[in-house]
Amino acid sequence: MAKTDRDTSKGKPRPIVRLGIFLISHSFFFSVVFSTAGVLALLLLPVLAKNTYISENSLMPGSVAPMLSDQEVAEGNRLIEDLNALKSKPLGSGIGSQRLVAQYMSNLGAEVSFHKFHRQPSQFHPLHFFSSPDSRRIEQNISCALHGVNTIGIIRAPRGDGKEAIVLVTPFNSVKVNKNEALSLGIAYSVFSLLTGVPWLAKDVIWLVADSQFGEYAAVAAWLRDYHTPVFSGVGTLDAEMCPEINNLRGMEENLFTERMTFDGFKRAGTMAAALVIKVGDRTQQYEDSLSIYAEASNGQMPNLDLINTVNYLAVHRQGLRVKVEKLWSLLNMRWLKTLGEMFELLGHYARNINPQLKFGIPAAEYIEGSATLASSLYYQALGIPTGPHGAFRDYQVDAITVEILPKVFTLGNKVRQNDFLLRSGRLIEGVVQSVNNLLEKFHQSFFLYLLTSPSKFVSVGVYMIAFALLVAPLPMVAASLYVNASNSDESMNSEKSSPSATAVDSASSPTTTDAAPLVTLSESTPLLTAADSGSLATVADSASLATAADSSRFATTADCITLSSWKWLYAAKKSFIVYLWGSVVSLLPYFICQIPSCTPTTSFIIWVLLSILGLVVMYGILASPFSDANDSKSQKEWAILKSVTLSAAFIGLCLMSIINFATAEIGGLLMVPMCLMAHPLKLDVKTRSLRTISRAVCNLVLGFIGFPPVTFIVLKGAFEGFSSINVGDFWSWVESLWAWNSATYLYIGVVHLPCWVLCIHILFHHC
Amino acid sequence: MEDNKEERSAKRKQQGRFWTWVTASVLFRLILIYFPQNLNLSSRPEVSTPLTSLRRLAEGYWLKQSSMSPYAGSMYHGSPLLLSLLGPLTVKRIDGQPSHLLCSLVFVAADILNSLLIRATGQTLQIAYRQSLKSLDLDMISETMEILPSGDIAALMYLWNPFTIAACVGLSTSPIENLAIMLALYGACKRLVPLAAFGWVMATHLSLYPMILIIPIILLLGNGPDTPRKLFLLRRHGKVEENSSSDSCQQERVFSWSPVMLLILWTIMWSAYVLLLCGVSVKQYGGLWEMFTSMYGFILTVQDLSPNIGVLWYFFAEVFDFFRNFFLIVFHMNILFMIFPLAIRLHHRPCFLAFVYITISSMLKSYPSVGDSALYFGLLGWFVYELSDMKFSFFLFCVYVGVSLLSPVMHNLWIWRGTGNANFYFATAMAYACLQIVLVVESVSAMLNHDRKLRKLSSAKLQDGKS
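Criteria and cut-off values
- Residues numbered from 1 in each chain as written.
- Chains lettered and ligands numbered in written order.
- Predicted model: local features only at pLDDT ≥ 70, side-chain atom pairs only at ≥ 80, totals over all residues.
- Heavy atoms only, no water.
- UniProt positions renumbered as here; feature names shortened; annotations may be inferred.
- Axes fitted to C-alpha atoms, helices over the stretch in contact; angles between N-to-C directions.
- Helix = DSSP H or I, 4+ residues; strand = E, 2+ residues; numbered from the N terminus.
- Parallel < 35°, antiparallel > 145°, perpendicular 65-115°, else oblique.
- Contact = heavy atoms within 4.5 Å.
- Nonpolar A, V, L, I, M, F, W, Y, C, P; charged D, E, K, R; others polar.
- Salt bridge = Lys/Arg side-chain N within 4 Å of Asp/Glu carboxyl O.
- Buried < 20%, exposed > 50% of the residue type's maximum accessible area, 1.4 Å probe, protein only.
- Pairing = 2+ DSSP bridges.
- Patch = residues over 30% accessible without salt bridge, like charges linked within 9 Å, V, L, I, M, F, W, Y side chains within 5 Å.
- Areas by Shrake-Rupley, 256 points an atom, 1.4 Å probe, with all protein chains shown as cover.
- Domains from an automatic or database assignment.
- Buried area = accessible area lost by both parts, 1.4 Å probe.

As annotated in an unreviewed UniProt entry, chain B is Phosphatidylinositol glycan anchor biosynthesis class U protein-like from Rubus argutus. Under the UniProt heading Sequence similarities (unreviewed entry), the note attached to chain B is "Belongs to the PIGU family."

The name that an unreviewed UniProt entry assigns to chain A is Glycosylphosphatidylinositol anchor attachment 1 protein, with the source organism given as Rubus argutus.

In structure tokens:
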């Protein structure tokens, strides 16, 4: 009666509302279609990849004319020989090699300075992502004995105003000079020596010889931090105060070098336009010199695509180097991928038959290569750990990549081959410097958000977001449909209740008195409920639940009574809020656990799990007591509302994560979406005993098992590396590496995935 | 008898619970105040706007101390009274304590006071509403209402709202602006004309937009708090037809002009006083005119285009200069256009009208912050009962959570990572504005539906009585 009234008063709803209703009413069909389409679209990405192109006109890599000649290469060779000679000397201690490099730099006429830094223990900054890079400031307990010294040479551009700079980085271990590292220093030095004389330089060139004895990343990050935080009061006072005993470094060198080398100061050269990390790999290649590009910075951030394009263009078209990006090798031999690739090839063939204009489909081999590259691109972005020292630059909005040059076999012995190698790689670096030197603004034209499927092919954000959007689209749809169904069923229940009692209006007064008793018991149970953490929410929630109970009992007699039906979700929201709170507590626990001395990963992991379970039990017991709440006819559909809240929370979490780090969200979505969508109380499934429900229950159990993060980790690791070397402690080590690098993936696992999993399990074992 | 006792003990329990929660919220705030470095809330654009930032206030105070105009250099845009009130607290440091501790304590106190005012006003509203329902013989509904202590709910919703906590801990002066608004509403509800006038004058002085609240205040003073007034008329007609004794009709009030006149008188007095005080404090530095241009001129001409959660900064950053004035007028007229239709439709519910006005102005104001949203969420708690059938409540809740988490992420993407741009952040601002529109539309329609339902019930009662 009331419904028809409403319908007539409102008339036809607006088209958008009708569309929404249509989607919601067919949510099962649409969710199946959308999630399948999402997975398919993900598999299609290698096919949809576009060729890269240089978007910024001012780069002009085509007009680069390399000037590097044998003369500079010879100088580079000289440095390499000296370094190698130094290694054989017994006295070649840490400072020796730096001094040698500095000597060479200053002979070229560059400004040289040293930068001393201390090794910093890895620290836990859970909210690092939301703050500026400078916000983590000087840490106290630096071990003074452990320090590294970076050597920095700066060429001032004859045509520049000193406001912009290009950075070349060569990491090398000052304690033990490696042959490959010496080679990379030689390359950088030959380019550097050329650049001191060229007239076209418009940006200063900084050559950072990073002392990699504590890791390449740490050295570069320390230098960048000091570069971007000027100290106004005196020079190096902080270091001097903290560690007086190693201050002799300065005095020792001042007598050694010429006037131009000033050691009392941190040299700067304006904002950085781009940075290039040069390494020479020790994996020798069989056939030709090749080049590996590493681009992933922390949290899946990538440098501007133009930088990769420029390097790729110059390497392939000018120097004839083979360019590679990282691949997930184990994918290459997968049978199903091969069939899929052949299928896509066939499809593309048909498509071309129908319309030759259609450029769909690539050869199967290319598809497999593309997906292996894409998978590794996704994997490294999802980890959120930078793949090299270039990652440190991204925190300061500087585009940087690591270029690892892999020489052909037997290069290292052969003098002629080595000269050729130095010439080619030196010319490549010089070309990149020339191109970047042409830049008028900082990189902004091309993409920042992309996935690589090969060095010259990419999938942009607009394409890969479609796959993700399709994957998560069912979540709000199913949530809405569950919510609507739950409230409708309650309404119908209300009206059913009211219709028999309406016939006995006269006797309505007696039920009210009898119903007063449960009301009191409910109100006595409220302190438990209100003790929940979210104050207002809880108060509203329990008063709402109270009121719904009350009005169902008292005012069911009047058909038009006022209900609080639209606020029923508050109770479920409170419950899931508590679980999410627990999730954040769990993700903070490792910070305390790792303070325990002498803990193996396995024991730490076990302690972590035990503490988490304890926390969950305590929170459930004290705050919510969700297992023991009254389940009258009202809360029969309670699990549905809880599931709808879970789905909404998962949707919000995944969408947020897709903006922070797309790859994590995509992989997490693949795990989480089926788990969330399938969740259904086992009790109901078992009660019905049809094939469909039993299979659903089994699916649920499997998904629930796999969805638990440690299990997921072990299963994935086993799938790619074999199950033989699996250890429970591995998960702990993995997680530790995540939080040591401040990866947002860690937060995602703790704050989004884990609570969602707990809620799903809670729904599975819900009493109905 | 026993029922009564139980009821009383339940009420006491409820009271105790309320105070526990209030203490807990104070403790929570104090804990957060002691970890300011990690949160860095005071530099978030969502929390501190050019008008409410305490850092700017400290700067203004410093300028004033070095005998320059506090408005020099376009740093400070607040009131000179606030400057002399909070300024000395910004420079005072206690060793070993976080800086700005005293200011934070002031804001915490303001928040608590706000919540108490909200509670008291809510209780007054509830009592008045219950009485009017009783006189309409809709007793059973008023009984349901007893279970929902809307005053307590509103106060706790205000105190525990993350927005309120962020605004309080993030050192923005919006708790004090909210306090002025609440004083005005409280005074009007309790018919304390001088207090209402003072609150309104202070609120207008501090942030200009509460000026439009004069309409709900006049309605409150003239008509009394929210009632389904039309029903009385209906009832009277029914009774007249019925020719029964009409003694129950005395509840019906006519608009009384005397408190309104008093309000106008008091308003004039208070504004003269405030202007005098301001004049004294800015006398050496260009006088009142400079204060007006740099406070209200700054608000009205949207000079600061740094990003915030509103929609105006983006628009005025994009708009051509010669259209600027035109669009300034258009945007500000937007608020004014909505005043009168709403006042006509909701004149019988002045407190709800005030809620709607505050929501609209916090959506369309030039420098909105989460502190404004905190206030209207608190006020929303007054109408838990009336809005119990509100549609899309779950959807609204989810989107609010989503947007408030998305906004810092987008800001980070734009400012710190450089991979996003202004559009990313503006998208969340637009989503936020749309959300507030949906909130207003849904709450108003739920309120009107509630009124309709009451009318239906009461006419059904009448019919029953007749037959």
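1. Thoughts on the packing of helix 14 (residues 287-301) of chain B against helix 16 (residues 324-345) of chain B
All names here are of chain B. The interhelical angle for the contact between helix 14 and helix 16, taken along N-to-C directions, is 95°, at an axis separation of 9 Å. Between helix 14 and helix 16, the angle is such that the two are roughly perpendicular. Counted together, Ile299, Leu300 and Thr301 of helix 14 and Arg324, Leu328 and His332 of helix 16 form the full contact between these two elements. Across the contact of helix 14 with helix 16, the residue classes break down as 3 nonpolar, 2 polar and 1 charged.

2. As for the pattern of salt bridges
All names here are of chain A. Taken as a whole and judged by the stated rule, the model has 23 salt bridges over all chains. Linking arginine 156 and aspartate 204 is a salt bridge whose minimum nitrogen-to-oxygen distance equals 3.2 Å. Taken as a pair, arginine 156 in the loop between strand 3 (147-155) and strand 4 (164-172) and aspartate 204 in strand 5 (residues 204-211) lie far apart in primary sequence, 48 residues in all. Classification of arginine 156 as partly exposed rests on a relative accessible area of 34%. The class of aspartate 204 is buried, set by a relative accessible area of 2%. Each member of the salt-bridge network shares a partner with another, and the members are Glu111, Arg156, Asp204 and Lys267.

3. Quick notes on the sheet that holds strand 10 (residues 450-454) of chain A
All names here are of chain A. Taken in spatial order, the 3 strands line up as 1-11-10 in an open sheet, and their pairing is antiparallel. With one partner strand each, in any of the chains shown, strand 1 (50-51) and strand 10 form the two edges of the open sheet. Strand direction decides the pairing type here: strand 10 and strand 11 (residues 457-460), joined by 4 bridges, are antiparallel. Of the residues in strand 11, the one forming a bridge with serine 454 is lysine 457.

4. Points about the sheet that holds strand 2 (residues 111-118) of chain A
Residue and element names in this part refer to chain A. Read from one edge to the other, the open sheet built from 8 strands follows the order 2-3-5-4-6-9-7-8, with strand pairing classed as mixed. Each edge of the open sheet carries a strand with a single partner, namely strand 2 and strand 8 (322-325). Shown here is a sheet whose adjacent strand axes are inclined to one another by a mean of 25°, direction ignored. As defined by bridge partners, strand 3 adjoins strand 5 across 5 bridges and the pair is classed as antiparallel. Paired with isoleucine 152 across the strands is leucine 208, a residue of strand 5. Where helix 14 (residues 415-438) meets the sheet, its contacts fall on strand 4, strand 5, strand 6 (271-280), strand 7 (290-294) and strand 9 (399-406), and the angle it forms with strand 6 comes to roughly 170°.

5. Overview of the pairing of strand 10 of chain A
Each regular strand displays side chains that alternate between the two surfaces of the sheet. Of all 5 residues making up strand 10 of chain A, 4 are buried, and the element is well covered by its neighbours. The antiparallel pairing of strand 10 of chain A with strand 11 of chain A creates a hairpin that spans 2 residues between the two strands.

6. Here we look at the UniProt feature "transmembrane region" (unreviewed entry) in chain A
With numbering matched to this structure, UniProt assigns "transmembrane region" (unreviewed entry) to residues 21-49, 461-484, 577-593, 605-627, 639-661, 667-686, 698-720 and 740-765 of chain A. Overall, residues 667-686 of chain A shows 85% helix and 0% strand. The separation of its end C-alpha atoms is 31 Å.

7. Some points on a nonpolar patch on the surface
Residues and elements named next belong to chain A. On the surface, Ile694, Val698, Val702, Phe705 and Ile706 cluster together to form a nonpolar patch covering roughly 420 Å² of accessible area. Residue position: isoleucine 706 is located in helix 25 (residues 691-707). Judged by relative accessible area, isoleucine 706 falls into the partly exposed class, the value being 31%.

8. Some details on the domain arrangement of chain A
Residues and elements named next belong to chain A. Domains assigned within chain A are domain 1 (57-326 + 387-444 + 453-458), domain 2 (328-382) and domain 3 (473-488 + 569-764). Domain 1 puts 10 residues into the contact, and the matching count from domain 2 is 11 residues. Buried area between domain 1 and domain 2, summed over both chains or domains, comes out near 780 Å², and the portion from carbon and sulfur atoms is 57%. It is Glu296, Glu326 and Thr453 that lose the most area in domain 1 upon contact with domain 2, and together they represent 60% of the buried surface on that side.

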